[in-house]
Structures are given as C-alpha cells and as structure tokens.
Amino acid sequence: MTAAEPTILATCGGLVGGEWDDSAYGPLLFEAVRLARVPAGRPPRVLHVNTAGGDQRTVEGAELAAARTAGVEASHLRFFPRRNVPSLRDAVLGADVVWVSGGSVVNLLAVWRAHGLDEVLREAWGAGVVLAGGSAGALCWHTGGVTQSHGPQPSVLADGLGFVSGSLGVHTDSDPDRSPVFRAAVAAGDLPAGIELDEGVGVVHRGRSATFVEAVTDHDGGGAVRIARAPGDPTGIRAEPLPVRRLPDAPRSVPSWTPSAWTPSPEPVDEEAP
C-alpha cells in the first residue's frame, strides 16, 4: 500500500481486448496502478475481486494473463464456493490496488458484509490501498446508484458502502434505460447528487472525505456529468458536464514494471490540499 492518501478510482472499464490474449490491462487499470505510486524496483500488487460476477474461474484466468503481460503481480480474493484466504486483512492490506469487477452489486454488498470485508476495505482505503473497479466495482464505493441486480429494469440502490458520499450512474451511453432512473432518483431525493459515467470513463476521489479530483477516460469523447437536485427546474435536476482528461494508451507489453514503461499522466490536483 503506497498511495499518499485515501484514493478511489470508480470506472466503467478496466480490462480491454488483448492483442495476443483475450484481455489486457486497459488505461483505467494502469491509472489505478499509477495512483498507487508503487516504488520502483518491484511489481505492483493488484488484488482482483470478482464477487459481483460469482468468482468465475475463466474471468480469473483472463485477469492473470493480462496482469502477467503488464508486469503486475496479481492475485484473487474469492468467496465462492468458499473464501480462499485465511486472513482478509492480510490479503487486502498486502495489495497496492484492489480492483473490483462488475456484476451484481446487491450480491457483492451482501457477501462482503457477511464476511466483514467492508470494514477491512475501509481500513485499507485509509492506509493507502487504492480502491478501484468497474461497473458494480465502481458503484459499491458510493452511497448508492442504479443497478440491474434485480433484473433487466434498472432499480435504485441506496445502501452502498458510502466511502464516497455521493451517488454514481454507470453505463450512461451504452444503456439508455439507466440515466432516466438515476436522474429521477436524484430529483426525488432518493439518491444524493452524483456523477454519471459513459463507458471507458472513471472518476478519482482522494482524501478521507473522498473529494472529487477529476474525471478520466480511455478514449476520445468519453463523458461524465454531475447530476444534482434542482427543485426549481422543470426536470428536477441540474446536469453539469465535467471536464474529462484523456489517459495515455496502455502499453502493448511491459515485461517488467518501471514507471517509465508507459507514458504517465500528470498528477491530479487534490482539492483538499492547502
């Protein structure tokens, strides 16, 4: 664990199609590693958590292959059919990055809370482990958002972990059914103000108050929009597009991790800094 302060990267992305393998670490995953500020001379340690997808071994295999190509030391924390590590705390605090994949955020939260992983993650977050992920793995860190955990029709989830006090809307451009539900929930006060993300876009929060720092994207044109309640507006909400920084492309091959092995992005400015 190496980040200078508590850091969360919540995204609609992560793995991308690989050139030789099925999957590869994409720019958003590389950004999570960069945020961890891993010291030169050792590979980053990324703990993949696929609870939301039921801990499918085929997914684990793709992640391990992608990590090997990226020069990352990867491991998995699984709960199905049973937990695979004797100490959750050792597994999580021994990582530089915890990357949570998508699926059912309702199932994810239930399993994590049953095992006490939610409290371990909170400790790790405060200690400098970067918490990150895509889709359900992004929504989970927030107070709430919109999910399809209960079926194809989006529904409101209001009992996320709450490390980030706002809400999150995901897959805005690829699933047109989600945004109307998200915006209606914010307008009604069922969800706090939050941010909607297009595919391939993420948001960085830093500090113990999880202050929003910036939005980033792995492709040109990716959007992020801040949604706030506005009772005086006919729509009930105020939508404010956010600046989005384009991340550098991921390297094709990183045989050994060094900070110079890919083009780093600038350090974000922390709004909490004096």
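Remember, it's a predicted structure, so these values are computed and weren't measured experimentally.

Within the fold, alanine 193 resides in the loop between helix 7 (178-188) and strand 11 (194-197). Along the primary structure alanine 193 and glutamate 63 are separated by 130 residues, whereas in three dimensions their C-alpha atoms are 33 Å apart. In contact with alanine 193, not counting residues within four places along its chain, are Gly166, Ser167, Val186, Ile227 and Ala228.

Another aspect to go through is the pairing of strand 4 (residues 45-49). Most of strand 4 sits inside the fold, with four of its five residues counted as buried. With helix 2 (residues 57-70) bridging strand 4 and the parallel strand 5 (residues 73-77), this β-α-β connection has right-handed handedness. One ladder, built from four bridges, connects strand 4 with strand 6 (residues 97-100); its direction is parallel. Residue pairing for strand 6: valine 49 is matched across the bridge by valine 100.

A complete count under the given rule lists four aromatic pairs for this structure. A ring pair is formed by tryptophan 112 and tryptophan 141, whose centres lie 5.9 Å apart and whose planes are at 40°; its orientation type is tilted. One end of the pair, tryptophan 112, is in helix 4 (residues 105-115); the other, tryptophan 141, is in the loop between helix 6 (136-139) and strand 8 (142-147), with 29 residues separating them in the sequence. The exposure class assigned to tryptophan 141 is buried, which follows from its relative accessible area of 0%. Taking 5.2 Å as the distance between ring centres and 5° as the angle between the ring planes, the aromatic pair formed by tryptophan 125 and phenylalanine 163 counts as stacked. In this pair, tryptophan 125 is assigned in helix 5 (residues 117-127) and phenylalanine 163 in the loop between strand 9 (155-157) and strand 10 (164-169), connecting sequence segments 38 residues apart. The pair tryptophan 125 / phenylalanine 163 is uniform in exposure class, with both members buried. Members of the aromatic cluster, connected to one another through ring pairs, are Trp112, Trp125, Trp141 and Phe163.

The strand order 9-8-10-11-14-15 describes an open sheet built from six strands, whose pairing is mixed. Lying at the two open borders of the sheet, with one neighbouring strand each, are strand 9 and strand 15 (237-241). If you compare each strand with its neighbour and ignore which way they point, the axes differ by 25° on average. Where strand 8 and strand 9 come together, three bridges link them in antiparallel fashion. Across the sheet, residue threonine 147 finds its bridge partner in strand 9, namely serine 155. Helix 7 contacts strand 8, strand 9, strand 10, strand 11, strand 14 (224-229) and strand 15 of the sheet and is inclined by roughly 35° relative to strand 14.

What counts and how
Residues numbered from 1 in each chain as written. Predicted model: local features only at pLDDT ≥ 70, side-chain atom pairs only at ≥ 80, totals over all residues. Heavy atoms only, no water. Helix = DSSP H or I, 4+ residues; strand = E, 2+ residues; numbered from the N terminus. Contact = heavy atoms within 4.5 Å. Buried < 20%, exposed > 50% of the residue type's maximum accessible area, 1.4 Å probe, protein only. Right-handed = clockwise from strand over helix to strand, strands pointing away. Pairing = 2+ DSSP bridges. Phe/Tyr/Trp six-rings, centres within 6.5 Å; stacked < 30°, edge-to-face > 60°. Axes fitted to C-alpha atoms, helices over the stretch in contact; angles between N-to-C directions.

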